[in-house]
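Coordinate inspection notes
The chain contents come next:
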Amino acid sequence: MLAVLSPGQGSQKPGFLTPWLDLPGAEARLRWWSALAGVDLVHLGTAADADEIKDTARTQPLLVAAALLAGEHLPMYDVALTAGHSVGELGAAALAGVLPAEAAITLAGVRGREMAAACALEPTGMAAVLGGDPDEVLAAIEAHGLHAANRNGAGQIVAAGAVENLDKFAAEPPARTRVIRLQVAGAFHTPYMAPAESALAAVAAGITPADPSRILLSNLDGTAVNHGRELVQRLVRQVTAPVRWDLCMRTLADLGVTGVIELPPAGTLAGLVKRELKGVGAPEIVTVNTPDDLPAARDLIARHGMAPSHEPTIAFRVVVAPAAGTFAPAQGLAEGASVRAGQPIGQVATRQGPVEVTAHDSGVLTEWLAHHDDPVAPGQPLARIGGQH
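Residues numbered from 1 in each chain as written. Predicted model: local features only at pLDDT ≥ 70, side-chain atom pairs only at ≥ 80, totals over all residues. Heavy atoms only, no water.

A look at the nonpolar core
Applied cut-off: Joining through side-chain atoms within 4.5 Å is the link that ties buried Ala, Val, Leu, Ile, Met, Phe, Trp, Tyr and Cys residues into a set, and such a set is a nonpolar core. Each residue is placed in one exposure class: buried if its accessible area under a 1.4 Å probe, protein chains only, is under 20% of its type's maximum, exposed if it is over 50%, and partly exposed if it falls in between. Counting from the N terminus, the helices are DSSP H or I runs at least four residues long and the strands are E runs at least two residues long. For each domain, the first and last residues come from an automatic or database assignment. Note on definitions: a residue-residue contact is assigned when non-hydrogen atoms from the two residues lie within 4.5 Å.
Of all hydrophobic cores here, the largest spans 74 residues; its most connected members are Trp33, Leu68, Leu99 and Ile261. Counting residues per element, this core draws most heavily on helix α5 (residues 101–119), which supplies ten residues. Shared between two domains, this core takes at least three residues from each, and those domains are domain 1 (2–119 + 191–304) and domain 2 (121–182). Excluding residues within four positions of it along the chain, Leu99 makes contact with Leu90, Ala93, Ala94, Ala104, Leu107, Ile207, Pro209, Val232 and Leu235. Counting 17 residues, the second largest nonpolar core, distinct from the first, contains Leu5, Ala83, Cys248 and Met249.

Listed below in structure tokens is the structure:
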């Protein structure tokens, strides 16, 4: 199985899109996307310096554009899984067929502008904590009034919050750790970003997403998301919720991923995967930074990908819980019954009231994975549907 990964903020490098403009139609594509994002992506990807592309409002649409530009030159129909880190989730969602490229770029522009505006409200920041005992690190972050904004695996947790608290945390680091301040505008993926989440939600409400055509992992909990609308809700919520890249990598391992491609600007996620998924069965990794890397990526897809004529794997046909609560299957619906796309198959009782669970595809209810009154978490598998009619 092959996974394509889309990187997040901090991976950008000055001039990294320059060689891509030699490809036919690439510059025109970027100019069209620039109009949607409200920033000059051609300038930012070629002539802008490190300070200019560090600006959150510019960085986010630039990274999504880079991933989509490269993805258009790969046979994505043979790719089984996509995932992205932070804003990279927008690129992954587009590559999985949930969002048109134009919608992903537009949302990245809004997300970047609104997060930059939220950062300006009060002095906040982020710091990477390398090494140490994870439980001790998390306890120390909480004790200093900070948030664990990213849990990246491979011994890396990112603390975020008020600058004053970060300074005290760096002066009293947890045992056996190294604390590195990150050059970012503020405390991303924390409650400080609440105004940006609200603004993004207002725009995202107008989108009509499709259901993913391949496995699409969520930063929220590392689970595969089956419904496009749920994925958009998660993308909005992710502005203030921690990035659980450690759980995404655990899912890559659980699914037996054998090949990984990181889209430009590549290197960060590939490094985390290499350190986390090592030893026997470690995936083969290709980083795509220039068009010269495309042949190696295509070769990896040919060797580890999935032919379009193959039946979709059962992983595509797992219905997951839309919320936390207690599950109740639809009355009288038994294993072996035929169901149609959109048919209610049960509901999750939550504190806010019942949330309906619907089949995302037509076929046969082959197995219940949760039963009456079982407690369920968001993204937890509830039932398998197979054998399309």
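Quick word on the environment of Ala127
Mapped onto the elements of the fold, Ala127 is located in strand β3 (residues 124–131). A relative accessible area of 1% means that Ala127 is categorised as buried. For the pair Ala127 and Val179, spaced 52 residues apart in the sequence, the C-alpha separation amounts to 6.4 Å. Contacts of Ala127, omitting those with residues within four sequence positions, involve Ile157, Val158, Ala159, Leu166, Val179, Ile180, Arg181 and Leu182.

Section: the packing of aromatic side chains
Short version of the rule: Aromatic rings from Phe, Tyr and Trp, with only the six-membered ring used for Trp, were paired whenever their centres fell within 6.5 Å, and each pair was classed as stacked if the ring planes differed by under 30 degrees, edge-to-face if by over 60, and tilted otherwise.
All told, the structure shown has one aromatic pair when counted by the stated rule. Between Phe327 and Trp368, the aromatic rings sit 5.9 Å apart at their centres with planes inclined by 55°, giving tilted as the arrangement. Within this pair, whereas Phe327 is found in strand β11 (residues 325–329), its partner Trp368 is found in strand β15 (residues 363–368), the two being separated by 41 residues in sequence. Exposure remark for Phe327: the relative accessible area of 0% places this residue in the buried category. Its relative accessible area of 9% is what places Trp368 among the buried residues.

Regarding the sheet that holds strand β5 (residues 156–162)
What holds strands together in a sheet is hydrogen bonding between their backbones, with the strands either parallel or antiparallel. Applied cut-off: One requirement defines pairing of two strands: DSSP has to find at least two bridges between them. Every angle, taken between N-to-C directions, lies between 0 and 180 degrees, and every axis is a line fitted to C-alpha atoms, over only the stretch in contact when it is a helix.
As summarised here, the arrangement of the four strands in space is β4-β5-β3-β6, forming an open sheet in which the pairing is antiparallel. The two strands at the open ends of the sheet, each matched to only one other strand, are β4 (147–153) and β6 (177–181). Strand after strand, the sheet turns through a mean of 25° between neighbouring axes, direction not considered. Relative to β6, β3 is paired through five bridges, and the arrangement is antiparallel. In the strand pairing of β6, Ala128 is matched with Ile180. The strands touched by helix α6 (residues 134–143) are β3, β4, β5 and β6; relative to β5, the strand with the most contacts, the crossing angle is about 5°.

Examining the domain arrangement of the protein chain
Rule in force here: Throughout, buried area stands for the accessible area (probe radius 1.4 Å) lost by two parts on being put together, summed over both. For this analysis, a salt bridge means a side-chain nitrogen from Lys or Arg found within 4 Å of a carboxyl oxygen belonging to Asp or Glu. Throughout this description, a polar contact denotes any pair of N or O atoms lying within 3.5 Å of each other; where both atoms belong to protein, one of them has to be capable of donating a hydrogen while the other can accept it, and for residues adjacent in sequence the pair is counted only when both atoms sit in side chains. Each residue is assigned to one of three groups, with Ala, Val, Leu, Ile, Met, Phe, Trp, Tyr, Cys and Pro labelled nonpolar, Asp, Glu, Lys and Arg labelled charged, and all others, Gly among them, labelled polar.
What the domain assignment reports for the protein chain is domain 1 (2–119 + 191–304), domain 2 (121–182) and domain 3 (316–386). Placing a centre on the C-alpha atoms of domain 1 and another on those of domain 3 gives a separation of 30 Å. Between domain 1 and domain 3, the residue contacts involve twelve residues of the former and ten residues of the latter. Buried surface at the junction of domain 1 and domain 3, both sides included, amounts to about 730 Å², of which 53% is carbon and sulfur. Together, Asn226, His227 and Glu230 form the three largest contributors to the area buried by domain 1 at its contact with domain 3, with a combined 55%. For the interface between domain 1 and domain 3, the tally reads zero salt bridges. Put simply, domain 1 and domain 3 have zero residue pairs in polar contact (both at pLDDT 80 or more) between them. In the side of domain 1 that touches domain 3, the residues fall into three nonpolar, four polar and five charged.

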